[in-house]
Amino acid sequence: MSGSAAPPPGNAPAGTDEVYSERLLPTPLMWLLAPAVGLALWFIFSAVHNMAGTVVALLGALGVAAALWAGSPVVRVRAAPEGVRWLHAGRARIEADYLGPARSLDVDQMQQAMGPQLRSDAYVCQRPWVRTGVQVPVIDPTDPTPYWLVATRFPERLVAALGQEHAN
């Protein structure tokens, strides 16, 4: 069985310790999209009825904010009490025993990794507002995925968390 099966979110055993966790939230500038959409909707619908415009504007702004939040994956490293450790990136996870040494990527390296160097069979968890990341080779011979490319604002911290996993 491949090590990169995608479980349902929150499918961690009780007593699992979180070694690293980060939600890939949009930048503050991206969050301005929610009130901008709300304002645009208010201008459109308040011409019909002021209260309708206000309600639609609030619902639209809340909907955009909820979509931005829901579309922001969580990157985490978890350690189970029995010693099994996992890298979670969005909805996918892989046991650390199936991973090689992680490499942090600065902005230029991430652009290259997401552009000309990207393999179509790699697992990618990336958001355009996160410009740095980590590349981790998959060493499971039964897994067709050559590596994971994971966006993170703190690549050194994620590499350190994965390095602790490999020390076991």
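Above this text you will find the structure in question.
Criteria and cut-off values
Going along each chain's sequence as written, the residues are numbered from 1 onward. Since the coordinates come from a predicted model, pLDDT governs what is reported: local features require at least 70, and pairs of side-chain atoms require 80 or more to be given and counted, while whole-chain, interface and lining totals use all residues. Side-chain metrics rest on all non-hydrogen atoms present in the structure, leaving aside hydrogens and water. The axes used here are C-alpha line fits, helices contributing only the stretch in contact, and every angle between their N-to-C directions lies in the interval 0 to 180 degrees. What counts as a helix is a DSSP run of H or I of at least four residues, what counts as a strand is a run of E of at least two, and both are numbered from the N terminus. Reported orientations rely on four angle classes, namely roughly parallel under 35 degrees, roughly antiparallel over 145, roughly perpendicular from 65 to 115, and oblique for the rest. Crossings are classed by handedness, with left-handed meaning an anticlockwise turn of the near helix from the far one by less than a right angle and right-handed meaning a clockwise turn. Between two residues, a contact is recorded if the distance between any of their heavy atoms is within 4.5 Å. Side-chain classes are defined by residue name, with Ala, Val, Leu, Ile, Met, Phe, Trp, Tyr, Cys and Pro counting as nonpolar, Asp, Glu, Lys and Arg as charged, and the others, Gly among them, as polar. Two strands pair if DSSP finds at least two bridges between them. For the exposure calls, accessible area comes from a 1.4 Å probe over protein chains only, and a residue counts as buried if that area is under 20% of its type's maximum, exposed if over 50%, partly exposed in between. Each Phe, Tyr or Trp ring, with Trp reduced to its six-membered ring, pairs with another whose centre is within 6.5 Å; inter-plane angles below 30 degrees give stacked pairs, above 60 give edge-to-face pairs, and intermediate values give tilted ones. The criterion is that NZ of a Lys, or CZ of an Arg, lies within 6 Å of the ring centre and within 35 degrees of the ring normal, and then a charge sits over that ring.

**Side note on the packing of helix 2 (residues 33–45) against helix 3 (residues 50–70)**
So, step 1. For the pair helix 2 and helix 3, the least separation of the axes is 7 Å and the interaxial angle reads 155 degrees. With respect to helix 3, the axis of helix 2 lies roughly antiparallel. As for the relative orientation of helix 2 and helix 3, their crossing is right-handed in sense. Note on element contacts: helix 3 touches helix 2 through Asn50, Ala52, Gly53, Thr54, Val56, Ala57, Gly60, Ala61, Val64 and Ala65, opposite Leu33, Ala34, Val37, Gly38, Leu41, Trp42 and Phe45.
So, step 2. By residue class, the composition of the contact of helix 2 with helix 3 is 12 nonpolar, five polar and no charged.

**Considering the sheet that holds strand 6 (residues 123–125)**
The pairing of strands in a sheet happens through backbone hydrogen bonds and is either parallel or antiparallel.
So, step 1. Strand order in the open sheet formed by four strands is 5-7-8-6, and the pairing between neighbours is mixed. The sheet is open, and its two borders are formed by strand 5 (103–105) and strand 6, each paired with just one other strand. Averaged over all adjacent pairs, the angle separating strand axes in this sheet is 15 degrees, with direction ignored.
So, step 2. When strand 5 meets strand 7 (residues 133–137), the two strands line up antiparallel, connected through three bridges. Of the residues in strand 7, the one forming a bridge with Arg103 is Gln135.
So, step 3. Lying over the sheet, helix 4 (residues 107–114) contacts strand 5, strand 6, strand 7 and strand 8 (147–151), oriented at roughly 100 degrees with respect to strand 5.

**Focus on the sheet that holds strand 1 (residues 17–23)**
So, step 1. Pairing in this open sheet of four strands is antiparallel, and the strands run 1-2-3-4 from one edge to the other. Because the sheet does not close on itself, it has two edges, and the strands there are strand 1 and strand 4 (92–95). Direction aside, the axes of adjacent strands within the sheet are offset by 10 degrees on average.
So, step 2. Examined bridge by bridge, strand 1 and strand 2 (residues 74–79) share six bridges and lie antiparallel to one another. The residue of strand 2 that forms the bridge with Glu18 is Arg78.

**Some remarks on the pairing of strand 8**
So, step 1. With five of five residues buried, strand 8 is to be regarded as a mostly interior element.
So, step 2. Where burial is concerned, the two faces of strand 8 agree: the one with Tyr147, Leu149 and Ala151 and the one with Trp148 and Val150 are both buried.
So, step 3. Bridging between strand 6 and strand 8 involves three bridges; their strand directions are parallel. Of the residues in strand 8, the one forming a bridge with Val124 is Leu149.
So, step 4. Sheet topology places strand 7 next to strand 8; five bridges connect them, and they run antiparallel.

**A short note on the side chain of His88**
So, step 1. Tracing the backbone shows His88 in strand 3 (residues 85–89).
So, step 2. Residue classification places His88 among the buried positions, given a relative accessible area of 10%.
So, step 3. For His88, the residues in contact, after removing those within four places along its chain, are Val74, Val75, Arg76, Arg78 and Arg93.

**Structural notes on the packing of aromatic side chains**
So, step 1. Across all of its chains, the model carries two aromatic pairs by this definition.
So, step 2. Ring centres 5.3 Å apart and planes at 65 degrees place the aromatic pair Trp42 and Phe43 in the edge-to-face group.
So, step 3. Relative accessible area serves as the criterion here: at 54%, Phe43 is assigned to the exposed category.
So, step 4. With 4.5 Å between their ring centres and 45 degrees between their planes, Tyr123 and Trp148 make a pair best called tilted. Highlighted residues: Tyr123 in strand 6 and Trp148 in strand 8, separated in sequence by 25 residues.
So, step 5. The exposure class of Trp148 is buried, given its relative accessible area of 0%.
So, step 6. Lying across the ring of Trp86, Arg93 places its NZ or CZ 4.3 Å from the centre.

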